[in-house]
Amino acid sequence: HKNKMSSLAASRADNFYFPPEWRPEMGGISKFQGSKGANQYEQYGIIRFELPFDGWCLGCGRHMSKGLRFNAKKDKAGKYLST
């Protein structure tokens, strides 16, 4: 007695499932299915970075050590991205 997989189950097992309504000119499958993005930059435009060396805040004079992490939002500034 052999186990038979339906064609949908077989195609999903190989990660080659394409919805019947989707056409290549519509863009990627993820976009078609409404994916918001894989990471917080793609979802919200937020990146995380850390200081490469010690420094001081020019506003309050507080010391910030190497490796201190910050969240920043990337915005367009002309043809460049700004944080």
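Look up a bit, the structure's there.
None of the values given here were measured: they were computed from a predicted structure. For every chain, the first residue of the written sequence is number 1, and numbering continues from 1 along that sequence. For this predicted model, a pLDDT threshold of at least 70 governs which residues receive local features, and a threshold of 80 or more governs which side-chain atom pairs are given and counted, while totals over whole chains, interfaces and linings are taken from all residues. Excluding hydrogens and water, the side-chain values take into account all heavy atoms of the structure.

S.K.: Kindly report on the overall build of the chain, identifying the contributing residues and their values.
M.R.: Looking only at helices and strands, one finds three helices and six strands in the chain. To qualify as a helix, a DSSP run of H or I must reach at least 4 residues; to qualify as a strand, a run of E must reach at least 2; elements of each kind are numbered from the N terminus. Of the regular secondary structure in the chain, the N- to C-terminal order runs α-α-α-β-β-β-β-β-β. In this scheme, a residue with accessible area under 20% of its type's maximum is buried, one over 50% is exposed, and one in between is partly exposed, where area comes from a 1.4 Å probe on protein chains only. By the burial criterion, 8% of the 83 residues in the chain qualify as buried. Two residues qualify as a contact provided that any one of their heavy atoms is within 4.5 Å of a heavy atom in the partner residue. Residue pairs at least 24 apart in sequence account for 19% of intrachain contacts in the chain once pairs closer than 6 positions are excluded. Each accessible area is a Shrake-Rupley result for a 1.4 Å probe, and residues are judged covered by the shown protein chains and nothing else. For the chain, the computed accessible surface area is about 7,600 Å², with 54% contributed by carbon and sulfur atoms.

S.K.: Just give me the short version of the environment of Phe-49, but keep the residues and values in it.
M.R.: Considering the arrangement of structural elements, one finds Phe-49 in strand 1 (residues 46-50). Residue classification places Phe-49 among the partly exposed residues on the basis of a relative accessible area of 35%. The sequence separation of Phe-49 and Gly-67 amounts to 18 residues, and the corresponding C-alpha distance is 8.8 Å. Setting aside its immediate chain neighbours within four residues, Phe-49 contacts Leu-68, Arg-69, Phe-70 and Ala-72.

So yeah, pure geometry; function would need other evidence.
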